[in-house]
Amino acid sequence: MAGGSPEKEFVESVSKLDGRLPSGNLEDKWDKYKSSMKIVNPANKRKFNIIVVGTGLAGGSAAATLAELGYNVKSFCIQDTPRRAHSIAAQGGINAAKNYQNDGDSVHRLFIDTIKGGDYRAREENVHRLAEISTNIIDQCVAQGVPFARDYGGLLTNRSFGGSQVSRTFYARGQTGQQLLLGAYSSMMRQVAKQQIEMFPNREMLDVVTVNDRARGIVVRNLKTGELETHSGDAVLLCTGGFGNVYFLSTNGKASNASAAWRCHKKGAFMANPCFAQIHPTCIPTSGEYQSKLTLMSESLRNDGRVWVPKSKDDKRSPADIPESDRDNFLERMYPAYGNLVPRDVGSRAIKKMCDEGKGLDPTGRAVYLDFKSAIDRLGKKNISDKYGNLFDMYETITGDSPYSTPMKIYPAIHYIMGGLWVDYDLMSTVPGLFVLGEANFSDHGANRLGASALMQGLADGYFVIPNTLGNYLANTKLDPVSTTSEEFKEAKNDSKEKTEELLNIKGSSTVLEIHRELGGVMWDLVGMARTKESLQEALDKIPKIKDKFWNDLYLPGESNTLNKNLEQAGRLADFLELGELMALDAMNREESCGAHFREEYQTEEGEPLRNDDKYAYVSAWEYNENNIPILHKENLDYKFVKMTQRNYK
């Protein structure tokens, strides 16, 4: 049937997607499933060639583990070294249900917190598997030498993150992502030295190549020389992160993009829940039009920092002159059970509410305080420095203010994307042989990701899930040899070349930066922290016009046969324009509020998201259509082990 607006139609499929979930008790599904899988014996593993795109936590851990098992691995990254993957930017920590604090944590509690944090829009089976594997991840990383924080006696210590009432987050000051990435990187480079992994830095994936409807290779562009290359394999693992940069201003590095995933989408991989984009509450506010990205301040800071605004919107005194009696510690007031450690979507909306009421801080009115004075008075400056010193230094470098003496100013920003390519329980997309790991898939976080769970998912997928499920695929599939000289590879390479030349031949007057900033403004204002039917319709009216401007008035200097940053960015923006339209359509179609998807028409009397479980307890998985009329497939979320309730953090 047709749906959506007259300007943007879609077709709804009558069939339901099957996630191929194992049967049985939730607690032992994964173990029983692993024991029933077919495996590839060690000698035969040497016969298989695996392509891994991306070298962040998901890609790095997958490449290292598969090579250790004996597979021949080709690893590709867009950066000049795998160590610059965006996972390096993660700050606060990684969750695991070790219960070292003896405060009541368990695998089941982590499972419940994650399901609840995702507002009951994630698969039970995937989330429980993630909680189970979490305990192994810490042991793996400690064995690699990751320098997790330890207490005075030398034992691993923890801190709390939003959406949890226990301390389960392992950390390395404010650089946990970097340290975890170095652990995966060192394991990967060990296999490079053994020639089990062949590294290809400075490569951007332009297309996936299918042979007999199975993913058998990729087309990449050498970003230094401009040369197009084709590479064949027996399976392709996509580990390319999220697409928050569709909003232009986000906490993502500027190289983070949607192109690899979107090109796979155009080859048949369904895009699931694209409207679920997370807003992180603790980011340094925008300071001017010239900015190209925003800077994240770790959620871990909310362990000791108190979020507040002056009670009176007319109070313009410096924070040091405002006594406690004149401060509104609004998260503590609104959510007494969790206080400053509410989940990200809840905290972000509360900050927006304060600013919308006129209590935001000068000069923009789009900021609140994150204050450490009481923690410093209670614990001492050295203790706070030991926990957050590098984060405080980063903030002072950017703003000129020291958080030791002046409260930080924060405001929400686009951060993480819960949506991504649809995958089944094996992490395989709707294109056989194309597996999707980490943030690039949709599978574990539902409508909102709890802090410190991204690192957990990336490493769980790479170290512990894919080595089993990929082996099962290879053992059950007859794969004929393929060559990069075949027609399928030649055609994919020629298509990529033609698309590149099409961009260069536009010869207009608008730069990539100008058009991307225009798209980002539409996305943030109309498809951002709060959405309405009217705002989404306006976005669906405006994005096609920006797309027309792009394809008719783009100014792109340089050539394709050399280093050309403008060309790189233009290709990514072309994909962002199409993806942004699908995100708005997905948000328009989901007439409820859940997690980070907040439709203002659907909220409780207390301003919390109001789900519609009877109608929308499903994963929306969109199939690309050449006629620009996407096809909506649904995977029903049948909760057997958890009761769906209204989230309450009060």
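Here's a quick rundown of the structure. (Residues numbered from 1 in each chain as written. Predicted model: local features only at pLDDT ≥ 70, side-chain atom pairs only at ≥ 80, totals over all residues. Heavy atoms only, no water.)

## Details of the sheet that holds strand 10 (residues 228-232)
Turning to step 1, where the next piece is worked out: Reading across the sheet, the three strands line up as 8-9-10 and stay open at both edges, with antiparallel pairing between neighbours. Strands with a single pairing partner mark the edges of an open sheet, and in this sheet they are strand 8 (203-211) and strand 10. Averaged over all pairs of adjacent strands, the angle between their axes in this sheet comes to 25°, without regard to strand direction. (Pairing = 2+ DSSP bridges. Helix = DSSP H or I, 4+ residues; strand = E, 2+ residues; numbered from the N terminus. Axes fitted to C-alpha atoms, helices over the stretch in contact; angles between N-to-C directions.)

## Focus on the pairing of strand 3 (residues 49-53)
Turning to step 1, where the next piece is worked out: Taken across its five residues, strand 3 has four buried, putting it largely inside the fold.
Turning to step 2, where the next piece is worked out: Relative to strand 4 (residues 72-76), strand 3 is paired through five bridges, and the arrangement is parallel. Each bridged residue has a counterpart across the sheet, and for Val 52 the counterpart in strand 4 is Ser 75.
Turning to step 3, where the next piece is worked out: A crossover connection joins strand 3 to the parallel strand 4 through helix 3 (residues 57-69); in handedness this β-α-β unit is right-handed.
Turning to step 4, where the next piece is worked out: Across four bridges, strand 3 lies against strand 11 (residues 235-238) in parallel orientation. Its bridge partner lying in strand 11, Val 53 is registered against Leu 238. (Buried < 20%, exposed > 50% of the residue type's maximum accessible area, 1.4 Å probe, protein only. Right-handed = clockwise from strand over helix to strand, strands pointing away.)

## Re the sheet that holds strand 16 (residues 368-371)
Turning to step 1, where the next piece is worked out: If you trace the five strands from one edge of the open sheet to the other, you get 13-17-16-14-15, paired in antiparallel fashion. A single partner strand is all that each edge strand has here, and the edge strands are strand 13 (277-283) and strand 15 (327-328).
Turning to step 2, where the next piece is worked out: Bridging between strand 14 (residues 306-310) and strand 15 involves two bridges; their strand directions are antiparallel. If you follow Val 309 over to strand 15, its bridge partner there is Asp 328.

## Here we look at the environment of Ile 88
Turning to step 1, where the next piece is worked out: As for its position among the elements, Ile 88 is in the loop between strand 4 and strand 5 (94-95).
Turning to step 2, where the next piece is worked out: Considering only alpha carbons, one finds Ile 88 and Phe 276, 188 residues apart in sequence, at a separation of 23 Å.

## As for the packing of aromatic side chains
Turning to step 1, where the next piece is worked out: Within the structure shown, the criterion is met by 18 aromatic pairs.
Turning to step 2, where the next piece is worked out: Pairing Trp 30 with Tyr 425 gives two aromatic rings, centres 6.0 Å apart and planes at 75°, and the pair type is edge-to-face. Remark: Tyr 425 occurs in the loop between strand 18 (420-421) and strand 19 (434-436) and Trp 30 occurs in helix 1 (residues 29-36); sequence separation between them is 395 residues.
Turning to step 3, where the next piece is worked out: For Trp 30, a relative accessible area of 3% corresponds to the buried category. (Phe/Tyr/Trp six-rings, centres within 6.5 Å; stacked < 30°, edge-to-face > 60°.)

## Section: the pattern of salt bridges
Turning to step 1, where the next piece is worked out: Applying the stated rule across the entire model yields 50 salt bridges.
Turning to step 2, where the next piece is worked out: As a salt-bridge pair, Arg 611 and Asp 119 come within 2.8 Å of each other at their nearest N and O atoms. Taken together, the positions of Arg 611 in the loop between helix 16 (565-589) and helix 17 (613-616) and Asp 119 in the loop between helix 4 (107-117) and helix 5 (124-143) put the pair 492 residues apart, joining distant regions of the chain.
Turning to step 3, where the next piece is worked out: As a salt-bridge pair, Glu 324 and Arg 306 come within 3.4 Å of each other at their nearest N and O atoms. Of this pair, Glu 324 sits in the loop between strand 14 and strand 15 while Arg 306 sits in strand 14, and the two are 18 residues apart along the sequence.
Turning to step 4, where the next piece is worked out: Linked through salt bridges whose partners overlap, the residues forming this network are Asp 119, Arg 121, Asp 345, Arg 349, Arg 590, Glu 592, Arg 611, Asp 613 and Arg 647. (Salt bridge = Lys/Arg side-chain N within 4 Å of Asp/Glu carboxyl O.)

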